[in-house]
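# Summary of the model geometry
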Number of protein chains: 2
Amino acid sequence: MTDQPAAARSPERIAIDTIRTLAMDAVQKANSGHPGTPMALAPIAHTLWTRFLRYDPYAPDWPNRDRFVLSCGHASMLLYALLHLADVQEIDADGQPTGKPAVSLDDIKQFRQMDSKTPGHPEYRMTTGVETTTGPLGQGCGNSVGMAIAARWLGETFNRDGFTLFDNDVYVICSDGDLMEGVASEAASMAGHLKLANLCWVFDSNSITIEGGTDLAFDEDVAKRFEAYGWNTIVLPDAEDTEAFAQALEQFRATDDRPTLIVVRSIIGIGFPTRAGTHKAHSDAPGEEEIRGAKRSYGWPEDAQFLVPEEAKAEVTNAVAGRGRPLREAWEATFARYREAYPDLARSLDELRRGRLPGGWEDALPTFEADEKGIASREAGGKVLNAIAAHAPWLIGGAADLSPSTKTEIKDAPSLEAASPGGRNMHFGVREHAMGAIANGIALTYLRPYTGTFMVFSDYMRPPIRLAAIMELPVIFIFTHDSIGVGEDGPTHQPIEQLAALRAIPGLDTIRPGDANEVAAAWKVALSHTHEPTALIFSRQAIPTLDRGRYASADGVEKGGYILADSDGAPEVILIGTGSELPLVAAAHEKLVAEGVKSRVVSLPSWYLFEKQDQAYRDSVLPPEVDARLAVEQGGAIGWDRYVGRSGRTIAMSTFGASAPIAKLQEKYGFTVDNVCKLARELVEQAK
Amino acid sequence: MTDQPAAARSPERIAIDTIRTLAMDAVQKANSGHPGTPMALAPIAHTLWTRFLRYDPYAPDWPNRDRFVLSCGHASMLLYALLHLADVQEIDADGQPTGKPAVSLDDIKQFRQMDSKTPGHPEYRMTTGVETTTGPLGQGCGNSVGMAIAARWLGETFNRDGFTLFDNDVYVICSDGDLMEGVASEAASMAGHLKLANLCWVFDSNSITIEGGTDLAFDEDVAKRFEAYGWNTIVLPDAEDTEAFAQALEQFRATDDRPTLIVVRSIIGIGFPTRAGTHKAHSDAPGEEEIRGAKRSYGWPEDAQFLVPEEAKAEVTNAVAGRGRPLREAWEATFARYREAYPDLARSLDELRRGRLPGGWEDALPTFEADEKGIASREAGGKVLNAIAAHAPWLIGGAADLSPSTKTEIKDAPSLEAASPGGRNMHFGVREHAMGAIANGIALTYLRPYTGTFMVFSDYMRPPIRLAAIMELPVIFIFTHDSIGVGEDGPTHQPIEQLAALRAIPGLDTIRPGDANEVAAAWKVALSHTHEPTALIFSRQAIPTLDRGRYASADGVEKGGYILADSDGAPEVILIGTGSELPLVAAAHEKLVAEGVKSRVVSLPSWYLFEKQDQAYRDSVLPPEVDARLAVEQGGAIGWDRYVGRSGRTIAMSTFGASAPIAKLQEKYGFTVDNVCKLARELVEQAK
């Protein structure tokens, strides 16, 4: 037999080698990809899936399934091979089975090709069974902490005596690269603090990095570091020893007071004649000779490509489904009884699973009376959050140790801590990056998370914001202290470029509301999003609350931009403002109108939403024939040319700010009614 | 005596209490700031400065001075008080003394006011004695690792038998917040790996965070974690015990094989009657009652404000200068002898201190022959780097474990490792964030650092890029794999918004060269910058090398934008391209010209430099009367409206990319000669 593996090998070994050979064949065919790690980790992943993972391939959206996260996403073929061997069935966006496998053998042959279900790195929503998009290192680790937090929250909230709806575990496979990233350190520290006993990271310690051996840059004692975080740690000398690994997983499952790290030493590209154990096994097509040599070393037919022996598939499918399916069916039975015993809770769970909030929260949105002195939008944001929190019980979140400043605390709600896993106020510590990644993990587990920090520190957490956008997760990222309005803390704390940098992220709705009622409207938009993350941008300083009898309704926020105030007839000049500069341009408008200038004020809190409106609406707000346009925003100018054109002007920041009281800063940088009026008049003259 | 401290206290204690009372008085007067940590850490900082720091207040730019980094920059008053008490003298940008103190008592009274030398957070270049700008947590920790690396590099490079020019230490005071940040974890791991025995971090463990006690979010065993990184650790129970702290510093100085962490437990806002030891002591004006109570507890006159007893100033100045001045003078004498013994090395050191590269490197810049197949700009970048490296000996750097891909290795140069601290190739590991912060620290210590990673991971390191721009440090940040040209790795690895996000940073020169000769020109610009960081943006894929006989010289890069190709007379349409899209628009131009369209091609690799040109030059490149403009760039469109106007068009990315071979992606997203020509023709028609 030249087309079957050597008969002496066990079904387990054949399945493991199937993963390995699929990985190398797929990479070779695509002429790109990462074969070495799937080969090294096949025994680990196989053991985890076939002997531990509580997962039903025929109901991959079962809420209480264990989550498997491949943080080293470049090893995607490992996951695709498993999804194929376990016969995971595809479900569509509505949760309906499509009748197709999640990953067919043809899909594997289309590895890394346009529109295939097997992209270079695993993509959530693209492939059933991919629990999160990974690739940027450390992010999957961060996500997993959020998943474990959410799992415990769900258990605490929904489990009742005799009804255990949520007790799932979260498993991660991660690499040296993941654990070198700061985000993983932050997330691990937080997981230890929260004593997440339902979380297990398997660290593939292969002593290899892209530049060479890990001794070039990474020789710390990882297990000891994790012990310092409060983790249970186990070190295994050989990834080939599946029994030892199984025992380690048993130990994880028996540990109920802390997360577990299993360090497994592996040989990257195991089996390759010359590349095994070297950084050359990490990426790129290995070439015919290496592949043949590896197959030979496995007792595999050298000529066979994409060979999936029947016993391999049967072994994996039977093991995974054999354990997962009865568990899932039992869960369904329990849930049916639960629905009768606790109909309200069951209904909540239905809504959660559909990604909905319960009805009623919109009615709770406050309105704010006109007030010249006004209120900081962070304050208004806190009031809105608290008004809706009672009606949105699975809205949870917190700040990176800034909640007294970001006003992101839900009053009278408990903290989410190790002893109170069902709490709602999270204390992320000064860990912005992990906060973002954890929020993504929470959003991947049904809940609606929000985060909070100063806007300048959005820079610390851009990778997870980007991934929320890529994954279409409706995370709400709250950023306060949004401009030079920060004042005395100075340039290190005054965002300039952050607004443009957030607006530049595709699929992220960045909203900078201009007064308290726009804050309420912005929150409404954010909570209504189901496939977009939102960045809510709030001021530190008070902003006048506009008189909405005199001015247009803040409902216009839903369109991204709207005419706040106008003059009779065609406008001679359009003043555009966002955030704290909206009342400023409104005040300038009043002065200009009193002088006889036909001025219009446009509020443009969300470029994202405005660009979604049709051309007719956008032209009605910003008539193409009006060239005299002035945008005013206490951030960098980049991007504003889109709305002011080459004839318009922008009052914005072209430098970093300075440490001084806010009034001095606004004067220095031209954010005054007088300066707005002066430039507006110049534009009107210029257009004549 | 009601206006002097109680006589029974020692001069040391009076100096310590002077720091404390200055901090509270300054915060109270400014009505903003952070009093609690300066108060808590006064004994620590005082002991360090008066008994250990090798620093000459009268020559604060002495190259071999110990560096003091206040990573918790919000405690800025601690540093300002020390600079005042130590009588540090101001030097100007040319290194000349101004005859003024670095921080006078009047400066302290102007704490946090416009244009004062005492901004809210310490700002490099603003205040003599501030070694780095801090405030964003964790950054100072990262900088310090770079400073320690650079100090050892300088010692290895310049020290000779009998001539020890560099043996300085780097001290850091950091907070819980610093050590929760991932960047500090990454930096600490790297410092342990490099066995930086000249580095000492003092961790202020005050058990308080802004949201409450550290038990809310941070209860890991920090000392154990640092032991895992390979650090020497010492835990002290009481910040008031200056003898114990002095012994710990002695132990640090005696340790020659690893960095040292000293954990000091302190009481934030010590002395405050009600706020001491609580998070209320962290920030904000404490109020009269708290201040009086604190002063009372120190035996300080309650009514005195900004009191600096003579003996306090004398004690600190005499101690610091008494040790530092002779050391510095001895160094000058050594250096005078060194200049005779090693004139070339001495000259190099002179150049280093002036922030210059040695002559000759410009002549080494390669030129590239026209080549249709071309070369990836990352490849060209590697060739240019290597060509100039021999002539720029203090150009050092490396990548975040991607040097085979980023082509950032200096061939035939040794690695910078613990055993070879004078090497040039740094192995940062997968630690982009620390890489940026370390590079800043290296740049703060005379050397010219460069970093390398994939462009999408610029998101992981934005905080230090921003700080390089704020500090005006000429760090060179190399980002390769700059677009959907990444291909099969897919959306997680394809930058979209990163280009706009980098361009948005004030003071950062972002250059995306369009062929190999533009790469050489871009490197020339980057190395010529003395006060600007540069982001060099390179492609993964090959780009044709343009025929510079046919097209304009790549020297135009120095102006940011230039006419690459033109037609006779006024252009009917202007095609604008950068990077890999420049040869694309050049090809489209040829086709359009052949059709009789009067087309112009503008290469616009650096918006930053182009905006620095005068209006006449910019108008000569982009004539205001030509509305038919088409920009082509494989990134997000944000910002391009500035150059194409409301009548123009942009071929850019409005979504994330996809995993597929590059040719498929370029076709899918419209980056083809045919599509460029089609839109160009439409624009010409529209303008008629």
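Residues numbered from 1 in each chain as written. Chains lettered and ligands numbered in written order. Predicted model: local features only at pLDDT ≥ 70, side-chain atom pairs only at ≥ 80, totals over all residues. Heavy atoms only, no water.

Attention shifts here to the UniProt feature "binding site: substrate" (unreviewed entry) in chain A. All names here are of chain A. Feature annotation in UniProt assigns "binding site: substrate" (unreviewed entry) to the following positions: His34, His282, Arg378, Ser405, His481, Asp489, His493 and Arg540. Spatial dispersion of the annotated residues is evident: they stretch over 507 residues in sequence, and the largest pairwise C-alpha distance comes to 47.6 Å. Assignment of secondary structure puts Arg378 in helix H13 (residues 377-389). In this structure Arg378 touches Ser405, Thr406, Lys407, Thr480, His481, Phe538, Ser539 and Arg540, once residues within four positions along its chain are discounted. Here His493 lies in the loop between strand S15 (476-480) and helix H17 (498-503). On the basis of relative accessible area, His493 is assigned to the buried category, the value being 7%. (UniProt positions renumbered as here; feature names shortened; annotations may be inferred. Helix = DSSP H or I, 4+ residues; strand = E, 2+ residues; numbered from the N terminus. Contact = heavy atoms within 4.5 Å. Buried < 20%, exposed > 50% of the residue type's maximum accessible area, 1.4 Å probe, protein only.)

Turning chain A through 180° and shifting it by 0.0 Å along the axis lays it on chain B, with an RMSD of 0.0 Å. The transformation just described matches what one would write down for a two-fold rotation axis. Nearest to the rotation axis, the C-alpha of Gly182 of chain A is located 1.8 Å from it, this being the minimum over chain A. In this assembly the copies share their binding face: 100% of the residues contributing to the interface of chain A also contribute to that of chain B. (Least-squares fit on C-alpha atoms with pLDDT ≥ 70 in both.)

Before going further, it helps to examine the interface of chain A and chain B. Across the contact, 102 residues belong to chain A and 102 residues belong to chain B. Both sides together, the interface formed by chain A and chain B hides about 8,200 Å², and carbon and sulfur atoms give 57% of it. Taken as a group, Glu211, Arg466 and Arg646 of chain A account for 10% of the area that chain A buries against chain B, more than any other trio of residues on that side. Remark: the boundary between chain A and chain B carries 12 salt bridges. Of the charged contacts, one joins Arg646 of chain B and Asp627 of chain A as a salt bridge, the two residues approaching to 2.5 Å between their closest N and O atoms. At the surface where chain A touches chain B, the tally comes to 52 residue pairs in polar contact (both at pLDDT 80 or more). (Buried area = accessible area lost by both parts, 1.4 Å probe. Salt bridge = Lys/Arg side-chain N within 4 Å of Asp/Glu carboxyl O. Polar contact = N/O pair within 3.5 Å; in protein donor to acceptor, adjacent residues only side chain to side chain.)

Side-chain pairing between opposite charges can occur once the charged atoms of the two side chains come close. Counted under the stated rule, the structure contains 96 salt bridges over all chains. Measuring nitrogen to oxygen at the nearest pair gives 2.7 Å for the salt bridge that ties Glu497 of chain A to Arg466 of chain B. Separated into two different chains, Glu497 of chain A in the loop between S15 and H17 and Arg466 of chain B in helix H16 (residues 462-471) make up a pair that spans both. Each of the two residues, Glu497 of chain A as well as Arg466 of chain B, counts as buried.

The next thing to look at is the packing of helix H5 (residues 139-158) of chain B against helix H7 (residues 182-193) of chain B. Residues and elements named next belong to chain B. In the contact formed by H5 and H7, the axes pass within 8 Å of each other and the chain directions differ by 20°. For the element pair H5 / H7, the angle class is roughly parallel. The two elements H5 and H7 meet at a crossing, and its hand is left-handed. Taken together, the residues of H7 that come into contact with H5 (itself represented by Gln139, Cys141, Gly142 and Val145) are Val183, Ala184, Ala187 and Ala191. A per-class count over the contact of H5 with H7 returns six nonpolar, two polar and no charged. (Axes fitted to C-alpha atoms, helices over the stretch in contact; angles between N-to-C directions. Parallel < 35°, antiparallel > 145°, perpendicular 65-115°, else oblique. Left-handed = near helix turned anticlockwise from the far one by under 90°. Nonpolar A, V, L, I, M, F, W, Y, C, P; charged D, E, K, R; others polar.)

A word on the nonpolar core. If you look at the biggest cluster of nonpolar residues, it comprises 328 residues, and the most contacted ones within it are Trp201 and Trp523 of chain A together with Trp201 and Trp523 of chain B. Apart from the residues within four sequence positions on either side, Trp523 of chain A is in contact with Gly381, Val384, Leu385, Ile388, Leu395, Ile476, Ile478, Leu536 and Phe538 of chain A. Among the nonpolar cores identified, the runner-up in size contains 71 residues, and Ile16, Ala30, Val130 and Tyr298 of chain A belong to it. (Core = buried A, V, L, I, M, F, W, Y, C linked by side-chain atoms within 4.5 Å.)

Another aspect to go through is the side chain of Thr233 of chain B. Residue and element names in this part refer to chain B. Among the structural elements, Thr233 can be located in strand S8 (residues 232-236). Thr233 gets classed as buried once you look at its relative accessible area, which sits at 17%. Within the structure, the side chain of Thr233 is placed 2.7 Å from the side chain of Glu227, a separation counted as a polar contact.

This brings us to the packing of helix H5 (residues 139-158) of chain A against helix H15 (residues 432-443) of chain A. Residue and element names in this part refer to chain A. The contact between H5 and H15 brings their axes to 6 Å, and the two run at 55°. The angle between H5 and H15 places the two elements in the oblique class. Relative to H15, the crossing made by H5 is right-handed. Here Gln139, Gly142, Asn143, Val145, Gly146, Met147, Ile149 and Ala150 of H5 come into contact with H15, specifically with His433, Ala437, Ile438, Asn440, Gly441 and Ile442. Each residue belonging to the contact of H5 with H15 can be placed in one class, and the counts come to seven nonpolar, seven polar and no charged.

Moving on, we get to the sheet that holds strand S1 (residues 67-70) of chain A. Residues and elements named next belong to chain A. An order of S1-S4-S5-S9-S8 is seen for the five strands of this open sheet, with the pairing classed as parallel. Strand pairing shows two members of the sheet lacking a second neighbour, S1 and strand S8 (232-236), which therefore form its edges. Across this sheet, the average inter-strand angle for adjacent strands is 15°, counted without regard to direction. The pairing of S8 with strand S9 (residues 260-265) spans five bridges and is classified as parallel. Considered in S9, the bridge of Thr233 is made with Leu261. Set on the sheet, helix H2 (residues 36-51) makes contact with S1, strand S4 (170-175), strand S5 (199-205) and S9; between it and S4 the angle comes to about 165°. (Pairing = 2+ DSSP bridges.)

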